[in-house]
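Residues per chain are reported as follows:
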Amino acid sequence: MRSKITEMVVVFAILVAAVAMWFVADKFPNSMKYARIDSDFWPKLVCGALAVVSFLQLLQQAVGLRASLQSASAGTRSSVDPAYVARLVLIGGLILAYFFALQWLGFVIATLLFLWAASFATPYSNLTAKLLFSPLFTFGLCLFFTRGLSLPLPRGQGIFYDLSLLLY
Amino acid sequence: MLDSYLSALGYMASNPFTFLLIIFSVVWGIAFGSIPGLTGIVGVALLIPFTFAFDPIEGLLLLGGVYVGSTFGGSISAILFNTPGSPEAACTALDGYPMARKGQAGKALGIALAASAIGGIFGTVVLMVAAPPLARLALEFGPPEYFALAVLGITAIASIGNGSVLKALMAGLLGLGVATIGLDPLTGMPRFTFGSMMLLTGVGFVPAIIGIFALAEVLQRFGEGPQKGYVIDDVSTELPTIGEFIQTRITLLRSSVIGTVIGALPGVGATTAAFIAYSEASRWSRHPEKFGTGVPEGIAAPESANNAAVGGSMIPLLALGIPGSATTAVMIGGLTIHGIIPGPQLMQTNSDLVYSVFIGMMLANLLMLLVGVRMARYFALVLKAPYALVGPAIVVLCMTGVYALQNNVVDLAVMLVFGVVGFAMRRFGFPVASFIIGLVLGPIAELSLRQGLMLSDYDVTAFVTRPIAGTLLLFSAASLVYGLVGQFLRARRKLNGDTGPDTSEEAKA
Amino acid sequence: MFPIQSMRAALMVAAVGSVLAAMPARADDYPSRTVEAIHQFGPGGGTDRFIRAIGDPFQTITGQTLVPISVQGGGGVPAAVTFMQRPSDGYNLMAVGPEQVINHVLGRMNIDELQPIARIQYDQGLFLVSKDSPFKSVEDLIKTAREKPGSLKVAVTGTAGFDDALVGLWNLKSGAELTTVPFSASEMVSNTLGGHVDLMYEEYGPARGLIESGDLRPLVLFSEFRLPVLGDVPTAAELGFDVTLGRWRGFAMHASDDEANANAMFSILDQAAASQSYKTIEKESGLQFRSKILGPKQFKEFMQHEVEIYTDILKQLGYVD
């Protein structure tokens with residue numbers, strides 16, 4: 001029941017976004033050279049079609065919702081496990097933090113910290129493996145990319161940039 | 001012609017170093033392809049400076065082997081970790097990973113490997129016997145034909161997945177919409193970038209698929225917590241049995257043909273080939289609703305197509321000097337440095353080189369069967385490691401690879417956003433396959449439509465009156481109508497039955 | 001609170017100390033580590049290969065490596081933004097070309113934040129038609145284009161970039177108006193050979209194979225003088241149209257970079273560009289005709305001149321007002 005309503009909210013949000021993007025596309029700067037196939041030509045087609053299709057989907061779901069309301073046995077249990085949400089938020093937050101840390105602290109420090117944090121956030125008993133894995137993997141990968149392949153890694157900012165320069 | 005082969009074989013036999021090079025390049029290619037973000041193009045580009053030291057034949061064998069290997073390599077990580085190592089393998093993850101989760105990782109890898117080798121050999125044989133005529137055929141493809149081809153792939157969106165057509169269409173249109181972010185390829189105006197300078201690059205395909213598959217998967221696995229439920233423990237790599245093989249023979253043949261032809265078209269490569277082969281496989285299948293749940297055809301189709309596209313993309317390269325894909329474009333650069341001018345005369349003036357490449361690519365494909373089995377086994381050992389270490393390591397690898405690809409932090413942000421998008425799409429029952437097809441084919445469809453309109457002075461009929469474009473468009477339209485009617489009838493049957501329009505079932509997919 | 005802060009300060013001092021010890025700022029052992037060159041094209045593309053080709057002798061001369069860093073797409077704006085975020089320590093170069101000048105004119109970057117070091121390559125391009133084309137000479141082309149302005153389609157690469165500007169300048173100078181249709185490099189060639197477009201614009205190097213085989217017919221060259229290898233192809237200047245724009249490639253540093261480093265870098269690049277290994281690659285790429293190395297001062301003047309030209313063209317084309 002609740003999942004069906006959430007789903008309708010999502011579809012509705014897509015519908016609103018599609019309409020909004022149509023108007024954003026309408027404001028694109030015009031080019032005289034390509035007047036008939038200007039920048040907004042294709043986006044408007046796509047946004048328009050998306051709006052129509054999501055409207056139809058919304059209708060279909062509304063009909064489905066009414067049908068399931070009428071049949072009283074609609075109570076499909078969709079209670080979400082709070083532990084599931086907690087774990088999701090935790091790992092999601094860690095990944096997000098890692099993304100920002102990469103830019104501020106550079107690859108080595110950020111990765112060291114992230115791997116430690118993420119492995120300790122999940123239940124796994126082998127402490128030595130947890131402690132050792134992070135530095136080994138970080139330095140291995142760092143060497144492979146910077147020395148082996150000459151591909152750049154994020155260096156961080158300010159003082160961390162200079163620190164990273166010592167390594168790669 | 002036989003003389004040329006013999007002379008090329010003679011060259012290679014008198015120079016055993018070439019065989020070593022092929023072995024090395026296939027291994028390097030597979031390893032490179034399997035790491036997310038490190039695509040075949042990067043693998044080839046990084047080796048170009050090393051080819052300075054070799055003679056041109058050796059150099060080209062090296063690059064060709066990497067190209068062959070990397071096209072397969074991506075599927076290993078796609079199947080085992082739901083992390084497509086290269087864009088060509090994105091499609092393989094759609095059915096490969098579900099099959100691995102059913103405890104058949106070995107079978108999935110085996111199918112991928114065998115299909116890759118078959119597709120690769122097919123493409124190479126076509127390259128050997130029919131390069132000049134096929135290259136001329138490729139020249140018949142102008143913008144209208146590219147548009148029709150993209151439409152053909154896009155219309156398959158509706159037939160993919162077991163859920164509602166409307167949701168599949170929504171996902172596909174979202175993909176098309178996301179593909180328009182960035183600089184307009186025609187006018188050079190920024191679109192939907194909202195002032196961000198770095199977003200002008202647009203939503204990269206590699207960051208998006210890595211987010212949708214790999215990050216969403218990590219989120220899902222961590223969310224589910226430490227259940228022993230679906231640990232993949234079958235890590236053997238068995239080639240499929242003859243019986244299983246015969247079942248997919250038509251898919252293999254069709255996909256190899258699609259792969260070779262699309263590969264031969266300049267500007268579109270293995271990724272497009274894989275998706276079109278996948279959508280055709282599901283369109284012609286007797287059980288299209290099972291696609292995405294781990295069917296053998298769902299692995300065989302994209303893998304044979306993307307490897308056939310390798311041979312295919314060498315066709316215009318060797319016959320006309322026009323690269324058929326981004327990777328071959330990089331290889332052209334390598335050739336020029338050696339003083340070889342890619343062009344129609346290459347086959348006459350450098351026949352040893354051309355025929356050595358034929359033989360080398362054949363060998364590389366056969367070698368891939370041997371090496372691939374071993375390497376896949378080593379990779380599968382990672383599955384034995386605890387997910388508390390593997391999961392975060394996958395995140396780090398994805399971040400590093402995606403960053404190294406374009407050095408653009410926005411790509412990382414794109415990857416994160418699409419991690420959430422991929423997670424949400426699975427949760428709300430929107431087929432991921434449709435979304436990605438929209439993302440891949442959207443830019444081709446848009447640009448070729450606009451180019452075509454310009455070239456025909458805005459005459460829309462030009463698109464349907466040209467034989468190839470007209471046929472493809474007609475077929476797309478017919479199949480779309482057929483699919484919609486079929487869906488409508490099914491929905492009618494469902495409504496008349498005891499359950500309402502279903503949403504809970506597809507949410508699990 | 002207090003101890004943590006002082007600890008952080010101590011750490012910072014230690015870090016700074018070690019950094020300073022590791023990288024002496026004296027110019028006489030410059031460069032003492034890897035130099036990175038940011039560019040806007042894909043790995044393996046023309047500019048990427050150019051940097052790698054220069055990087056080979058660069059390593060022999062300095063013992064250090066020169067690494068291309070590709071920040072692709074977005075018309076070169078993301079590459080410029082990335083470069084500007086990097087410190088001006090002499091170890092960050094930017095590969096520059098007409099795209100930077102165009103972005104400057106379009107107001108998408110400020111070229112004055114760059115300190116030109118060396119222009120190394122200077123290419124020349126051609127209008128080419130397929131061998132089946134009705135246009136046997138440039139006069140045929142001009143005649144048709146003047147009769148029906150804009151009806152002829154020329155395939156170019158890139159979006160609102162160099163090719164577009166060159167064709168725009170041709171239109172202005174010759175009155176033989178062509179309409180540009182952007183393609184990817186390979187589709188441009190296949191669409192020309194397949195007869196889907198009327199002609200294409202391409203540099204000599206990449207088109208050489210198809211010119212030699214006779215599949216593509218060169219009509220007119222954009223350079224000050226004819227190419228020795230294409231003696232019978234007239235230049236636009238001979239026809240009375242002053243269109244000599246060419247694609248060029250060079251390196252720049254931050255405007256705030258040490259001038260001593262800039263001069264040191266120029267002399268290294270100068271040596272590298274004169275080396276045998278680079279000369280070979282230059283010749284194989286058909287770049288030996290106009291490529292004359294320009295030092296910091298001349299390069300700066302050259303770029304300023306380019307800014308004037310492109311401002312003029314882009315204004316007349318309506319891209320800027």
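Residues numbered from 1 in each chain as written. Chains lettered and ligands numbered in written order. Predicted model: local features only at pLDDT ≥ 70, side-chain atom pairs only at ≥ 80, totals over all residues.

1. As for the overall build of chain A
Note the following rule: Going along the chain from the N terminus, every DSSP run of H or I of four or more residues is numbered as a helix, and every run of E of two or more is numbered as a strand. In this treatment the radius of gyration is a C-alpha quantity, and the globule benchmark scales as 2.2 Å times the residue count to the 0.38 power. Put simply, a residue is buried when 20 or more other C-beta atoms lie within 10 Å of its own C-beta and exposed when 12 or fewer do; between those, it is partly exposed, and each C-beta is set from the backbone. Note that contacts rest on C-beta atoms placed from the backbone: two residues are in contact if these are within 7 Å.
Within chain A, the secondary structure is distributed over six helices and zero strands. Beginning at the N terminus, the succession of helices and strands in chain A can be written as α-α-α-α-α-α. The C-alpha atoms of chain A give 25 Å as radius of gyration, which overshoots the globular expectation for 168 residues (15 Å, by more than 25%). Here chain A holds 168 residues, and 34% of them are scored as buried. Considering only contacts within chain A whose residues lie at least 6 apart along the sequence, 60% involve residues at least 24 apart.

2. Regarding helix H3 (residues 82–105) of chain A
Here is the rule we go by: The span you would expect from a helix comes to 1.5 Å times its residue count less one.
Given a rise of 1.5 Å per residue, 24 residues ought to cover 34 Å, and the 33 Å separating the end C-alpha atoms of H3(A) matches this to within 8%. Taken as a whole, H3(A) has its buried residues at Arg87(A), Ile91(A), Ile95(A), Tyr98(A), Ala101(A), Leu102(A) and Leu105(A). Of the surrounding secondary structure, the elements contacted by the buried residues of H3(A) are helix H4 (107–121) and helix H6 (159–167) of chain A together with helix H8 (205–224), helix H16 (387–406) and helix H17 (409–427) of chain B. Immediately downstream of H3(A), the backbone of Gly106(A) shows phi near 85°, a positive value.

3. Describing the domain arrangement of chain C
Residues and elements named next belong to chain C. So the rule is basically this: Segmentation into domains, and thus their bounds, comes from an automatic or database assignment. Put simply, Ala, Val, Leu, Ile, Met, Phe, Trp, Tyr, Cys and Pro go in the nonpolar bin, Asp, Glu, Lys and Arg in the charged bin, and everything else, Gly too, in the polar bin.
Split by domain assignment, chain C resolves into domain 1 (33–123 + 247–317) and domain 2 (125–230). Averaged C-alpha coordinates put domain 1 and domain 2 at centres separated by 27 Å. With 16 residues of domain 1 at the interface, the matching set in domain 2 holds 14 residues. Of all the elements in the fold, those that place two or more residues in the side of domain 1 that touches domain 2 are helix H4 (98–105) and helix H11 (296–317). Per-element tally for the side of domain 1 that touches domain 2: the top contributor is H11, with five residues. By residue class, the composition of the side of domain 1 that touches domain 2 is eight nonpolar, four polar and four charged.

4. Here we look at the domain arrangement of chain A
Taken domain by domain, chain A comprises domain 1 (2–74) and domain 2 (102–167). Computed over C-alpha atoms only, the centres of domain 1 of chain A and domain 2 of chain A are separated by 42 Å.

5. A closer look at the sheet that holds strand S2 (residues 66–70) of chain C
Residues and elements named next belong to chain C. Going by this rule: For two strands to pair, DSSP has to find at least two bridges joining them. Each axis is a line fitted through C-alpha atoms, and for a helix only the stretch in contact is used; angles between axes span 0 to 180 degrees, taken between their N-to-C directions.
Strand order in the open sheet formed by five strands is S2-S1-S3-S10-S4, and the pairing between neighbours is mixed. Strand pairing shows two members of the sheet lacking a second neighbour, S2 and strand S4 (114–122), which therefore form its edges. Going from strand to strand, the sheet's axes swing by 30° on average, the running direction of each strand aside. Pairing geometry for strand S1 (residues 35–39) and strand S3 (residues 92–96), over three bridges, is parallel. Bridge pairing links glutamate 36 to asparagine 92 in S3. Against the sheet, helix H9 (residues 259–274) makes contact with S4 and strand S10 (248–254), and its axis sits at roughly 10° relative to S4, the strand it touches most.

6. Focus on the nonpolar core
Burial of nonpolar side chains together is a common tendency in soluble globular proteins. Worth spelling out the cut-off: Note on definitions: a nonpolar core is a set of buried residues drawn from Ala, Val, Leu, Ile, Met, Phe, Trp, Tyr and Cys, linked by C-beta atoms within 7 Å.
Counting residues in each nonpolar core, the largest one holds 324 residues, and the members touching the most others are Ile54(C) and Leu269(C). The leading source of residues in this core is helix H5 (residues 90–139) of chain B, at 26 residues. The residues contacting Ile54(C), other than those within four sequence positions of it, are Leu66(C), Ile120(C), Leu269(C), Ala272(C), Ala273(C) and Tyr278(C).

7. Some points on the interface of chain A and chain B
Listed per partner, the contact involves 59 residues of chain A and 49 residues of chain B. Sort the elements by how many residues they give to the side of chain A that touches chain B and helix H2 (residues 41–70) of chain A lands first, with 15 residues. For the side of chain A that touches chain B, the per-class residue count stands at 41 nonpolar, 13 polar and five charged.

8. Observations concerning the environment of Arg426(B)
All names here are of chain B. By secondary structure assignment, the location of arginine 426 is in helix H17. Exposure remark for arginine 426: the 19 C-beta atoms within 10 Å place this residue in the partly exposed category. C-alpha of arginine 426 to C-alpha of alanine 216: the two residues are 210 residues apart in sequence and 9.0 Å apart in space. Residues in contact with arginine 426, not counting those within four places in the same chain, are Ala216 and Val432.

9. Re the confidence of the model for chain A
Predicted coordinates in regions of low pLDDT should not be interpreted in detail. As a reminder, the rule being used: By definition, pLDDT measures how confident the predictor is in each residue, and it falls between 0 and 100.
Summary statistics for chain A give a mean pLDDT of 87 and a share of 94% for residues scoring 70 or more. Considering each helix and strand of chain A separately, the mean pLDDT is smallest for H6(A), with a value of 85, and largest for H4(A), with 92.

10. Some remarks on the pairing of strand S9 (residues 216–222) of chain C
All names here are of chain C. Burial analysis of S9 places seven of its seven residues in the buried class, the great majority of the element. Pairing geometry for strand S5 (residues 125–130) and S9, over six bridges, is antiparallel. Within the sheet, the bridge partner assigned to leucine 128 lies in S9 and is proline 218.

11. Digging into unusual backbone geometry
Looking along the chain, the bond that leaves Tyr30(C) and enters Pro31(C) is cis, with omega of -5°. Structurally, the position occupied by Pro31(C) is in the loop between helix H1 (2–22) and S1. The residue Phe194(B) is not glycine, and still its phi comes out positive at about 50°. Within the secondary structure, Phe194(B) is located in the loop between strand S2 (190–191) and H8. Given 9 C-beta atoms within a 10 Å radius, Phe194(B) is considered exposed. Of note in the backbone geometry, Asp457(B) takes a positive phi value of approximately 55° without being a glycine. With respect to the helices and strands, Asp457(B) occurs in the loop between helix H18 (432–455) and helix H19 (462–465).

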